[in-house]
Amino acid sequence: MTFTTVTSKVVLAQVAPGREVLARRGAMLATTGRVTFSPVSGGPGGGAYGGGVASALARGMQGEAVALMVAEGSGTVHYGFRGHHVTVLDLDGSQPLSVEADRLLAHDASLSSSVVFLGQQGGLRGAVRGAVTGQGMFTTQLSGRGSVAVLSHGGTFALPVTGGRQVVVDPQAYVAHVGDLRVEVAAAVSWRDAVGRGSGEAVQLKVSGEGTVHVQASEEKL
């Protein structure tokens, strides 16, 4: 386990040779020991970590590209970002974690990454709806054994999805999910929404399958 929770808004990372940490730029709060920080290239093949999360985020849309820094050496680093709540999720290697790019604070550099299309099961129309929500169409998928620290407004809570149960999540409140889950972007527009009297939940994420979805306690974006 790389990260230790210090407060609800700060985590402590242990850095050592072979245990480097990737984090969003501006997240380092304090450090001890001999730790150095280097920017990570966003292009494929642009450095030791260029083909990982940085490359994935660089291909993001809706302004979701997040500049990353790698912490190397030996020591500790305190991470936090703009006073947002931090949740640590541990991966055991059995299932990948999909997380919104702008929710990602830091993670083990050893985790492999790729870009997945949120709501891709809905086809092109679902993709367009995903973009319209402002939450974006892409999520970063991390796999392997290691820890991930994610950001949220007001903290997160975990909703189990199992046994044919479907969970509906507001796209603005979605943080991450793990497991064999189907995430579909769906429109729920009625005549009341058209005249301004609806609930405001015109776009929803419908989650089904077997796994867990992590939701923040707010509809506010970072």
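Residues numbered from 1 in each chain as written. Predicted model: local features only at pLDDT ≥ 70, side-chain atom pairs only at ≥ 80, totals over all residues. Heavy atoms only, no water.

Along the backbone of the protein there are three helices and 15 strands. Split into buried and exposed, the 222 residues of the protein put 47% on the buried side. Long-range pairs, those at least 24 residues apart, make up 81% of the contacts in the protein between residues at least 6 apart in sequence. A total accessible area of about 10,100 Å² is found for the protein, and carbon and sulfur atoms account for 52% of it. (Helix = DSSP H or I, 4+ residues; strand = E, 2+ residues; numbered from the N terminus. Buried < 20%, exposed > 50% of the residue type's maximum accessible area, 1.4 Å probe, protein only. Contact = heavy atoms within 4.5 Å. Areas by Shrake-Rupley, 256 points an atom, 1.4 Å probe, with all protein chains shown as cover.)

So, on to the packing of aromatic side chains. A full pass over the atoms with the stated rule returns zero aromatic pairs. The aromatic ring of F81 is capped on one face by R24, whose charged end is 4.2 Å from the ring centroid. (Phe/Tyr/Trp six-rings, centres within 6.5 Å; stacked < 30°, edge-to-face > 60°. Lys NZ or Arg CZ within 6 Å of the ring centre and 35° of its normal.)

On to the side chain of H153. The topology assignment puts H153 in the loop between strand 11 (145-152) and strand 12 (156-161). Discounting chain neighbours no more than four positions away, the residues touching H153 are H84, Q216, A217, S218, E220, K221 and L222.

Among the nonpolar cores identified, the biggest contains 18 residues, and F3, V11, V21, A71, Y79, L105 and A106 are the most heavily contacted of them. Where this core is concerned, the elements lending two or more residues are strand 2 (10-15), strand 3 (21-24), strand 5 (68-79), strand 6 (85-92), strand 8 (104-108) and strand 11. In contact with V21, not counting residues within four places along its chain, are T2, F3, A13, Q14, V15, M69, V70, A71, Y79, A106, H107 and A109. Counting 13 residues, the second-largest nonpolar core is a separate cluster that includes V167, Y174, V207 and V213. (Core = buried A, V, L, I, M, F, W, Y, C linked by side-chain atoms within 4.5 Å.)

Checked against the element boundaries, S114 lands in strand 9 (residues 112-117). Judged by relative accessible area, which is 28%, S114 ranks as partly exposed.

Once that is clear, we can look at the environment of F157. Counting through the fold element by element, F157 comes out in strand 12. Here F157 falls in the partly exposed class, since its relative accessible area comes to 40%. Separated by 60 residues in sequence, F157 and A217 have C-alpha atoms that sit 7.5 Å apart. Filtering out sequence-adjacent residues up to four positions away, F157 remains in contact with V213, H214, V215 and Q216.

Quick look at the pairing of strand 3 now. With burial as the criterion, each face of strand 3 is covered, one bearing V21 and A23 and the other bearing L22 and R24. Two elements, strand 3 and strand 5, share four bridges in a ladder whose sense is antiparallel. Residue pairing in the sheet places R24 in a bridge with L68 of strand 5. When strand 3 meets strand 8, the two strands line up antiparallel, connected through three bridges. Residue pairing across strands places L22 opposite H107, the latter belonging to strand 8. (Pairing = 2+ DSSP bridges.)

The side chains of a regular strand alternate, residue by residue, between the two faces of the sheet. Summarising burial for strand 8: five of the five residues are buried, a large majority. As judged from the three bridges shared by strand 8 and strand 11, these two strands associate in the antiparallel manner. If you follow H107 over to strand 11, its bridge partner there is V148.

What follows is about the side chain of E20. Along the polypeptide, E20 turns up in the loop between strand 2 and strand 3. Separated by 3.1 Å, the side chain of E20 and the backbone nitrogen of G18 make a polar contact. (Polar contact = N/O pair within 3.5 Å; in protein donor to acceptor, adjacent residues only side chain to side chain.)

Next up on the list: unusual backbone geometry. The phi dihedral of R82 falls on the positive side, at around 55°, and the residue is not glycine. Positionally, R82 belongs in the loop between strand 5 and strand 6.

Per-residue pLDDT for the protein averages 80, and the proportion of residues at 70 or more is 73%. Mean pLDDT per element in the protein: helix 2 (residues 123-132) is the minimum at 42, and strand 2 is the maximum at 98. Taken together, the stretch residues 43-48 has pLDDT below 50 and engages in six contacts with residues farther than four places along the chain or on a different chain. Low confidence marks residues 191-200, where pLDDT is under 50. Its contacts with residues over four positions away, or in another chain, come to six contacts. (pLDDT = per-residue confidence, 0-100.)

Turning to the environment of L142, a few remarks are in order. As for its placement among the helices and strands, L142 is situated in strand 10 (residues 138-143). Under the relative-accessibility criterion, L142 is labelled buried at 0%. A sequence separation of 31 residues divides L142 from L111, and the C-alpha atoms of the two residues are 6.1 Å apart.

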